[in-house]
Amino acid sequence: MWLVKVLSVIYFTACAAQTSDGYTSTPIYDPPKPSLKLLSSWSDVFENETVVFHCDVHSPDWTVSWFVDGEKLETDLILKADGAYINITAYEGEYACRADLTSRGVRSGLSNTVSITVYDNAPTAMLTKFPHFNPMYVGETVNLICKVYLSSGWKYQWYKNGIELQTTKETNSIHLSFSDRGTYQCKAFRGETITTDISEGIKQDVLEIPVPTLNSTWSDVFPSESVELGCAMDGGADWVYTWYKHGHEVQADDVDSLGSNGATLSIRSASAKHKGEYTCKGKLNNRPVSSNFSPGLTLSVYDEKPSVTLTKDREYNVMFPGESVSFHCHIGVSSGWKYKWFKDGVPFNAPGNTYSLNTVGTANSGSYSCQAERGVDKLFFNSSSQAIRLEVKGSQPKPLLTQVPDVVKVYTGEFVSFKCKVELSSGWRYQWYKDGNHLPSNSDILTIDGAKPVNGGTYKCSATRDITMYNTSHSDGRTIQVSEIPVPSLKSAQPWLDVFPGESVKLSCGMAGGADWTFSWFKDKQLVQADSTTSFDSDAATLSISSASASHRGQYSCSGKLKSRPVVSSTFSHGLTLSVYGSQPKPLLTQVPDVVKVYTGESVSFKCKVELSSGWRYQWYKDGNHLLSNSDSLTINGTKPLNAGTYKCSATRDITMYNTSHSDGRTIQVSEIPVPSLKSAQPWLDVFPGESVKLSCGMAGGADWTFSWFKDKQLVQADSTTSFDSDAATLSISSASASHRGQYSCSGKLKSRPVVSSTFSHGLTLSVYDTKPRVTLMQNPIHNVMHTEDSVSFSCHINVSSGWKYLWLKDGKLLPESGNNHTIKSVETKTTGSYQCKTQRGSDAVFSSDPSPVVKLDVKERPQAGIALLTGWSEVFSTDSLVLRCEVHESPDMWNYTWFKAGQHIDLPPSEKHIVTPLNNPEQSEYTCRGISTGRPSYSRNSDSFQTKNLLLKRRVLLSISGCIFFGIIAVFLGCIFLRVFRKPADDKDKPGEAELFLTMSQLRKLDDTTCPMVQYITDAELNAPPKEADENGTICSETTQLPITSQDEQVVESEIEDVTEKNGGLISFK
């Protein structure tokens, strides 16, 4: 039996090798794929339009079926069907066709698809015009374009003023005349069913081409003068212009410039070459429209510039205020002149060619000239006229009166002389006046010998022109006073004569009625000399002691002498006695109330006092900044925060400015009467029965306060559950209950002063629940049974309040997790158990909720996938592929399977089997699989890896071995026959027991369980040891193992193999 098996294998292998060496089997073709074409001109259509399709299958024997969006086409949409052609009412979608060969039961696949778009409403025709100008001129061409922007295949109908035109083109070109004026419209149509609405109208106006006009300011100009000629057309600014002189076109080189559109011709410096007659014509920019010539304009150019003349109506070289004068500027040619006036070369505004001064003044003095100009952009100037000088000698002249000696006060017996003089011009005659009375002298000098008190008074003079009788004004007055020689007067600059060390002292000596004296000083009848602390001013009228000391004590007096004249006082002044203290004083600063911190609205009073001397003026300082008060007291009524700071004072003498040292500072802090700040020791104000509560009340910036507590505006008293600390700054509720519900507030009162908090604190509302909170535990996903590697999440919820800390328990034991979520990313069997959570909050007194209801979690092992080899060992010689099967052990569920090669997912549809060929497995690879399911669990654990080797190489090796075995067996067989024929038979009794060459069927059956070495090599038994299940259910190397085929493609292959087997004797080959 074993020999039969071997011979069969050799026979099949030889046949397979013969086929692979060149013999071909009968070809098998796939059914043809139809080609679908749209015969209509467009694929986007409108309602009620039809389309025609052609399904090309290259043979008339096929029956065509039609599909839209994958569904068979309804017959009520088909207007006409003719074999492979179909005419239907358009229906939006993806069209395809399929061919059936009914006689042979063959069906093609679907053809390519053709998309049809159907619009709900008919489109709108859009009418545009090019060019876009309106109006346009006779002779121009306009293009009207009618366009539908949806689909194609449109024809157009045109209308003018509602009348149909004989054209169906998309573009209507019109060469304009007056008859073409009107409003144009259009519409589009396609076939016999689709017509658009009439478009909006476009109005087209047609005008006659206008004649240009030529203009200029003046037509006669001077050399180098600029002139601009302008050309203009009525009805628009889009014209460009061409200039002509004597009929010849003017080029840009002939003039200075032409405007950007030629509308202006500019000559910046006229000359003889610019003379002549100018005309212009216009052309519409970017349009073929040109005008006729304009009327001509003749330009004249003089040979030279004109001159201007300036005259003055009176020839006065010098004038006085009050007189009048006029200037006249004149030019004798052309027109359009404007005149410019200049004084000392500086232009000034004056109208016309005459400038008049009705009353001259000193401001009018200067050199006058004029100039003429004309033009706008570039002014043309002639040369300036000659200059005429106008001199005005100030206002009315005034004589100068001088006096010798030049003093007001003179003493009896002195000599006094006056002199009067007019500096301007000559021929003056003088008059003298004393106290307004005319004196008889006409000389320019007046003298007083031996002055007496009667000569005291005010002296003036004036002058008159000899010829014109023009009078000067009176001179300034000179006043003299004639007095007796006075007695010196001694004074102290300060009202006190008791001073402090370092303080300054000033004594002054004066003579009544004059300051032109020098003085001498005496202390205790001894002449005082200047030293380091004692000084005199320039005339010694003042004795100054810069820093008093004990050496300056004594009685002071003085005497005087006139500086410039020989006058001396006859006696000493009266005496003044100076006293000097021993040290610098320091003020005393007091405060009421005597506190540092005060509140807004309180009154604070400071007082500063220097105990010694008098004449003190006080200065106040806040934080080193000087305050405006000079009083000895400083009061702050209704203090504000800005009054806070350190206050000091000092004192200064009114006159000597001697300063005391600063007093000691007094500091005050001013704060708003604070609003009590109410806080909760815990961040929640909704509590549960038995939970503790603490509220605290405080005042910013100080601790010297006591507090009162209120609930719902009612005073709170201490009881068995409510208590306060020493100053009632803290309210404590040891065990909350419904009676503690309400809004709490507090107020404060300063202990030592009558300052009460102005308002209550803000309110805090305390809520007390009726019962303890309920804790809910939720599981996601919600499954009674989980499998290993699944993820599960628990969330703990409490429906009221905040500040909770979450505790997790498994089987009654506390877990280390915190937070309201507990997630197990990959469950294990040890995860099985009963889960609970509970909450707690608070620090000093912890409040805890009851545990949540129990959630039970049951975790089972995830099923294991395994790979089995379905290809029998004998089939390796007739095929070059292996079929692997994946299955999930010990699971009754329905599974699909995904495959992995070398750890990478194989991109094929899920399948129980996987075929390995040399094409997709050119080298040794490892395969694994995994089951997937729509139920739970949704996937299995990956199978153990399955390793293959190169099957093609293995088949060639086995083919060589089998050939050797085959010839060896033939040789043995022939040897046996030879022995049978030629060997002499022995006697029966002498015959040894013959060994059986061929085994019986029962013996072969006993050998079935023996492992075949060839099978071991073919199936890679060492690499892919079968699992226990395979050992128990039978060996996988049995030649009875079949190659199951389950997919549609594999069924087709199987049918083809059967056909070939029938025709070729059962020999097959796969390439």
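What you see is a predicted model; the values in this text were computed from it and never measured.

A. Structural detail: the overall build of the protein chain. Check the secondary structure of the protein chain and you find six helices and 88 strands. Within the protein chain, the proportion of its 1071 residues that are buried is 37%. Long-range contacts, defined here as pairs at least 24 residues apart, represent 63% of the contacts in the protein chain between residues at least 6 apart. Just so you have it, the protein chain exposes about 60,600 Å², and 52% of that area is on carbon and sulfur atoms.

B. Looking closely at the pattern of salt bridges. Counting across every chain of the model gives 23 salt bridges. Two residues, R666 and D594, come together in a salt bridge whose shortest N-O distance is 1.9 Å. In this pair, R666 is assigned in strand β63 (residues 666-671) and D594 in the loop between β56 (588-592) and β57 (597-599), connecting sequence segments 72 residues apart. By relative accessible area, D594 is classed as exposed at 56%. Sharing partners across several salt bridges, the network here consists of R98, D100 and R107.

C. Molecular detail of the sheet that holds strand β78 (residues 821-824). What the three strands build is an open sheet, ordered β73-β75-β78; its pairing is antiparallel. Bordering the open sheet on either side are β73 (775-780) and β78, each of which pairs with just one other strand. Adjacent strand axes in the sheet meet at a mean angle of 15°, parallel and antiparallel pairs treated alike. Across six bridges, β73 lies against strand β75 (residues 792-798) in antiparallel orientation. If you follow Q779 over to β75, its bridge partner there is F794.

D. Local environment of the side chain of S111. Along the chain, S111 turns up in the loop between β9 (106-107) and β10 (114-119). Residue class for S111 comes out buried when judged on its relative accessible area of 6%. Those residues in contact with S111 that lie beyond four places of it in its chain are K33, P34, S35, L36, A96 and C97.

E. Inspection of a nonpolar patch on the surface at higher detail. Nonpolar side chains collect at one region of the surface, where F966, F967, I970, F973, L974, I977, F978, L979, V981 and F982 lie side by side and expose about 1,000 Å² of accessible area between them. Residue position: V981 is located in helix α2 (residues 951-982).

F. Region of the structure containing the environment of K609. For K609, the location among the structural elements is in strand β58 (residues 604-609). Exposure remark for K609: the relative accessible area of 44% places this residue in the partly exposed category. Sequence separation of K609 and S663 is 54 residues, and the distance between their C-alpha atoms is 9.4 Å. Contact partners of K609, with chain neighbours within four places excluded, come to P587, L588 and Y618.

G. Representation of the side chain of H552 within the structure. Looking at the element boundaries, H552 is found in the loop between β53 (542-545) and β54 (554-562). When near neighbours in sequence (up to four residues on either side) are disregarded, H552 contacts K523, T533, T534, I545, S547 and L578.

H. Fine view of the state of the cysteines. Counted according to the given criterion, the structure contains ten disulfides. The partner cysteine of C420 in its disulfide is C461, sulfur to sulfur 1.9 Å. Torsion about the S-S bond of the C420 and C461 cystine: about 80°, corresponding to right-handed handedness. Placement of C420 in strand β41 (residues 416-421) and of C461 in strand β45 (residues 457-465) is noted, with a sequence separation of 41 residues between them. For C461, a relative accessible area of 0% puts it in the buried group. With a sulfur-sulfur separation of 1.8 Å, C509 is cross-linked through a disulfide to C558. Across the S-S bond linking C509 and C558, the dihedral sits near 75°, which makes this disulfide right-handed. On the criterion of sequence distance, the pair formed by C509 in strand β49 (residues 505-510) and C558 in strand β54 is long-range, its members being 49 residues apart. The same class applies to C509 as to C558, namely buried.

I. Representation of a negative patch on the surface in the model. Taken together, E47, D69, E71, E92, E94 and D120 make up a surface patch of like negative charges. For D69, the position within the fold is in the loop between β4 (63-68) and β5 (71-72).

J. Structural context of the environment of L229. If you trace the backbone, L229 turns up in strand β23 (residues 227-232). Residue L229 is classed as buried on the basis of its relative accessible area of 0%. Remark: the alpha-carbon pair of L229 and S219, spanning ten residues in sequence, is separated by 9.4 Å. Beyond its immediate stretch of four places on either side in the chain, L229 contacts N215, S216, W243, A263, T264, L265, Y278 and L297.

K. Representation of the sheet that holds strand β28 (residues 276-284). Taken in spatial order, the five strands make up an open sheet running β22-β29-β28-β24-β25, and their pairing is mixed. Each edge of the open sheet is held by one strand with a lone partner, namely β22 (220-221) and β25 (248-249).

L. Just the packing of aromatic side chains, in detail. The tally for this structure, following the rule as stated, stands at 28 aromatic pairs. Taking the centre distance of 5.6 Å and the plane angle of 45° together, the rings of F222 and W337 count as tilted. Of the two residues, F222 is situated in the loop between β22 and β23 and W337 in the loop between β32 (325-330) and β33 (338-343); the sequence distance between them amounts to 115 residues. When sorted by exposure, F222 lands in the same class as W337, which is buried. With centroids separated by 6.0 Å and ring planes inclined at 45°, the aromatic side chains of W341 and Y355 adopt a geometry described as tilted. In this pair, W341 is assigned in strand β33 and Y355 in strand β35 (residues 354-357), connecting sequence segments 14 residues apart. For the residue pair W341 and Y355, the accessibility class agrees, reading buried in each case.

M. Spotlight on unusual backbone geometry. Omega for the peptide link from N780 to P781 comes to 0°, which places this bond in the cis form. Locating P781 in the fold gives a position in the loop between β73 and β74 (785-787). For the bond from R936 to P937, the omega torsion is 0°, close enough to zero to count as cis. As for its position among the elements, P937 is in the loop between β87 (926-932) and β88 (946-947). Despite not being glycine, A540 shows a phi value in the positive range, around 60°. Structurally, A540 is set in the loop between β52 (534-536) and β53.

N. Up close: the pairing of β54. The buried fraction of β54 is high, at seven of nine residues. In this sheet, β54 lies alongside strand β50 (residues 517-523) in antiparallel orientation, the contact comprising seven bridges. Along β54, the bridge assignment pairs T518 with K561. Bridge count between β54 and strand β55 (residues 576-580): three bridges; the pairing is antiparallel. Its bridge partner lying in β55, G554 is registered against L578.

Rules used in this analysis
- Residues numbered from 1 in each chain as written.
- Predicted model: local features only at pLDDT ≥ 70, side-chain atom pairs only at ≥ 80, totals over all residues.
- Heavy atoms only, no water.
- Helix = DSSP H or I, 4+ residues; strand = E, 2+ residues; numbered from the N terminus.
- Buried < 20%, exposed > 50% of the residue type's maximum accessible area, 1.4 Å probe, protein only.
- Contact = heavy atoms within 4.5 Å.
- Areas by Shrake-Rupley, 256 points an atom, 1.4 Å probe, with all protein chains shown as cover.
- Salt bridge = Lys/Arg side-chain N within 4 Å of Asp/Glu carboxyl O.
- Pairing = 2+ DSSP bridges.
- Axes fitted to C-alpha atoms, helices over the stretch in contact; angles between N-to-C directions.
- Patch = residues over 30% accessible without salt bridge, like charges linked within 9 Å, V, L, I, M, F, W, Y side chains within 5 Å.
- Disulfide = S-S within 2.5 Å.
- Lys, Arg positive; Asp, Glu negative; His and termini not counted.
- Charge placed at Lys NZ, Arg CZ, Asp CG, Glu CD.
- Phe/Tyr/Trp six-rings, centres within 6.5 Å; stacked < 30°, edge-to-face > 60°.

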